There are 2 protein chains.
Amino acid sequence: MMARKPALAVVGATGAVGAVMLGILSQHADVWGEIRLLASPRSAGRTLTVRGEPTEVRAVTEESLAGADVALFLAPGEVAARWAPVAAGRGTVVVDASPAFRDDPDVPLVVPEINGHAARVRPLGIVASPGCTTLALIVAVGALHAEFGLTELVVSAYQAAGGAGRAGVAALREQLAAVAGTELGTAPGDVRRALGDAAAGPFAAPLALNVVPWSGTLQADGWSSEELRIRAETRRILGLPGLPVAATCVRVPVIGAHSVSVHARFERPVEVARAHEILATSPGVVLYDDPAAAGFPTPADVVGTDPTWVGRVRRAPDDERALELFVCGDNLRKGGALNAAQIAEAVAAELPLD
Amino acid sequence: MMARKPALAVVGATGAVGAVMLGILSQHADVWGEIRLLASPRSAGRTLTVRGEPTEVRAVTEESLAGADVALFLAPGEVAARWAPVAAGRGTVVVDASPAFRDDPDVPLVVPEINGHAARVRPLGIVASPGCTTLALIVAVGALHAEFGLTELVVSAYQAAGGAGRAGVAALREQLAAVAGTELGTAPGDVRRALGDAAAGPFAAPLALNVVPWSGTLQADGWSSEELRIRAETRRILGLPGLPVAATCVRVPVIGAHSVSVHARFERPVEVARAHEILATSPGVVLYDDPAAAGFPTPADVVGTDPTWVGRVRRAPDDERALELFVCGDNLRKGGALNAAQIAEAVAAELPLD
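Thresholds, definitions, all that
- Residues numbered from 1 in each chain as written.
- Chains lettered and ligands numbered in written order.
- Predicted model: local features only at pLDDT ≥ 70, side-chain atom pairs only at ≥ 80, totals over all residues.
- Heavy atoms only, no water.
- Helix = DSSP H or I, 4+ residues; strand = E, 2+ residues; numbered from the N terminus.
- Buried < 20%, exposed > 50% of the residue type's maximum accessible area, 1.4 Å probe, protein only.
- Polar contact = N/O pair within 3.5 Å; in protein donor to acceptor, adjacent residues only side chain to side chain.
- Contact = heavy atoms within 4.5 Å.
- Buried area = accessible area lost by both parts, 1.4 Å probe.
- Salt bridge = Lys/Arg side-chain N within 4 Å of Asp/Glu carboxyl O.
- Nonpolar A, V, L, I, M, F, W, Y, C, P; charged D, E, K, R; others polar.
- Pairing = 2+ DSSP bridges.

### Quick word on unusual backbone geometry
And step 1. Even without being glycine, D221 of chain A reaches a positive phi, approximately 60 degrees.
And step 2. Locating D221 of chain A in the fold gives a position in the loop between helix 7 (190-195) and helix 8 (225-238).
And step 3. Unlike most non-glycine residues, L209 of chain B shows phi in positive territory, near 55 degrees.
And step 4. Inspection of the secondary structure puts L209 of chain B in the loop between helix 7 (190-195) and helix 8 (225-238).

In structure tokens form, the structure reads like this:
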């Protein structure tokens, strides 16, 4: 007897990550039985297409969640905090892409290529998916860790505007339109003057023709929440609770893929040739490292693709145990919808469906 | 008897650094006697204004160099390699901003705030000024080194298009104009398609809506010349020939100031409060570190100013001996013309003029 296919609820279907998720669900069309699209009451009533079928978006409620085997939460943290326990309490496995449960020791934080097994132990019925910047680097770093044993990370991020949602992309577009036609000089204030009334959007400073060393909220000792999140998430996913991680997050005027400059130190001496072998054969990673032919990933080329792209692999010139890498990943695909979809599919494949 | 004022020759007066230098020479109007403007034969005959006086640009020759007490070379390395020894051989002190002599052990590499004394020992009659990315970070890092004792640097640069000269800025402007009007999606290839015929310019990949992890030429083991240069120059300027330095250079779509994310490790434990004191009182540095009020330097705000700006000062969360910093500096001012002018003025002040 063939088991029925699992029912899926997508909470936050109308957002930027939701839009990418609908495409992934349509590509992986044979995984799920019923697919329900849920969102805030404000967005309820809209019609979206998934697997070629127009589907009405319903408000998230106890009733609209009832009977789902898996619920994919692509909504803000406060929505997940409110509704994920409701769904999980009724036996639905929740996969949450928001930050709401990422620090909860009873909620596994999962990247299927690295610690997929962790999704099987979920005391609250909730599995969390990491943030987009961690996801830009973790598959590559995790593969190298498995071989060489990671002992320290220093990372500097080049974060796309899209990491701040649709409002971030809209603000960048408006700012670029404002400055593109002007004959900017290089006097202090030129960029701010050219921007005129263009909205700052969610950024702490203008992003067009600029980089902004800030994302997230202010935490203790001058750290931003995004920087501390990379540290906390990397430690949890790799199972290295004491790993030293120093992260700096900088927004760059890029639409849709995050890049990270990674300095990774290991227990054992590293060889670039061996690192190349590992990266070239790791699931979810594409090695693109041929600088003689301008072969390295850039966010404009990587956006819209699934893998983590890795280039510029070098051994630190003064430390045989350290590697430098430049990694890029789409912040809405592997950095958002794709990782959550991978978790949900793995969970669903092991559900005892009648 | 009052000594005569020294005569200055500016070689490469017509370039981007030259333009900034003419402004600096006009501001410091009482330092020099005669100021001669020299350039390639192609640019000879043009008239530029310095200290309010229209001045004809002459071709650089033995004759046009003769009699200068100091020659500021702001020209490409091959011009410096050809003409600096000619000038120095006739008793002119050469201050060279090109890479031509930066690795020569008989040519001091000088940043006046850090190792100004080194300019006094110049066996070849030549003093070199470092590259623009080193200059973006070295004044801040050098001040902290003097207090805490630097033992390791990991740096990721956010290099402006202007670091690739006027051709870099022109290419970025053209690319931005091409993409600004388009409704870019986030599909692979969107940016390259939108760019159409816009010139790549001196960059290894499109720079508009992108970041490009490459600058300079390919060296051994996958390193770029710019990355190795930061290492070599930092070691020489700080007098730390064995200092471990791992640098990653990435171009960003910014016009005119370089930024660097710095992870600096020291011999002694560091306190942010003490680091703030040092940076706030170091010549050539402006501390701007108030994240609660969005207080941190960005290249769009820093361009056109003289100092090295420092913000985001944090102690590494897992290492009491390491600091994270975000530094910004105009690549044509301190990163180009200003540092060379400072060296030239210090040298000139000690010349035995009759």
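### Points about the environment of Y158 of chain B
And step 1. Considering the arrangement of structural elements, one finds Y158 of chain B in strand 9 (residues 150-159).
And step 2. Residue class for Y158 of chain B comes out buried when judged on its relative accessible area of 0%.
And step 3. Each C-alpha atom of the pair Y158 of chain B and H258 of chain B lies 5.9 Å from the other, and the pair is 100 residues apart in sequence.
And step 4. Among the polar contacts listed, one links the side chain of Y158 of chain B to the backbone oxygen of A157 of chain A, at a separation of 2.9 Å.

### Some thoughts on the interface of chain B and chain A
And step 1. In this assembly, 70 residues from chain B lie in contact with 70 residues from chain A.
And step 2. At the boundary of chain B with chain A, total buried surface from both sides reaches about 5500 Å², with 63% on carbon and sulfur atoms.
And step 3. Between the two partners, chain B and chain A, sit ten salt bridges.
And step 4. Salt-bridge contacts for R192 of chain B lead to D301 of chain A; the nearest nitrogen and oxygen are separated by 2.6 Å.
And step 5. Linking chain B to chain A there are 28 residue pairs in polar contact (both at pLDDT 80 or more).
And step 6. For the side of chain B that touches chain A, a count of residues per class yields 42 nonpolar, 14 polar and 14 charged.

### Quick notes on the sheet that holds strand 1 (residues 8-11) of chain B
All names here are of chain B.
And step 1. Spatially, six strands are ordered 5-2-1-6-7-8 in an open sheet, and the strand pairing comes out parallel. Sheet topology places strand 5 (58-59) and strand 8 (126-128) at the edges, where each strand pairs with a single neighbour.
And step 2. Pairing between strand 7 (residues 93-96) and strand 8: three bridges, direction parallel. Each residue of the ladder has a partner; that of V94, found in strand 8, is I126.

### Description of the pattern of salt bridges
And step 1. On inspection of all chains with the given rule, the structure shows 38 salt bridges over all chains.
And step 2. As a salt-bridge pair, D318 of chain B and R235 of chain A come within 2.8 Å of each other at their nearest N and O atoms. With D318 of chain B in the loop between strand 13 (308-315) and strand 14 (322-330) and R235 of chain A in helix 8, this residue pair bridges two chains.
And step 3. By relative accessible area, which is 16% here, R235 of chain A ends up buried.
And step 4. In this structure, R36 of chain B and E34 of chain B form a salt bridge, with 3.0 Å as the shortest nitrogen-oxygen distance.
And step 5. For E34 of chain B, a relative accessible area of 42% puts it in the partly exposed group.
And step 6. Through salt bridges with shared partners, a single network forms among E147, R274 and E277 of chain A.

Keep in mind that these numbers describe shape and distance, not what the molecule does.
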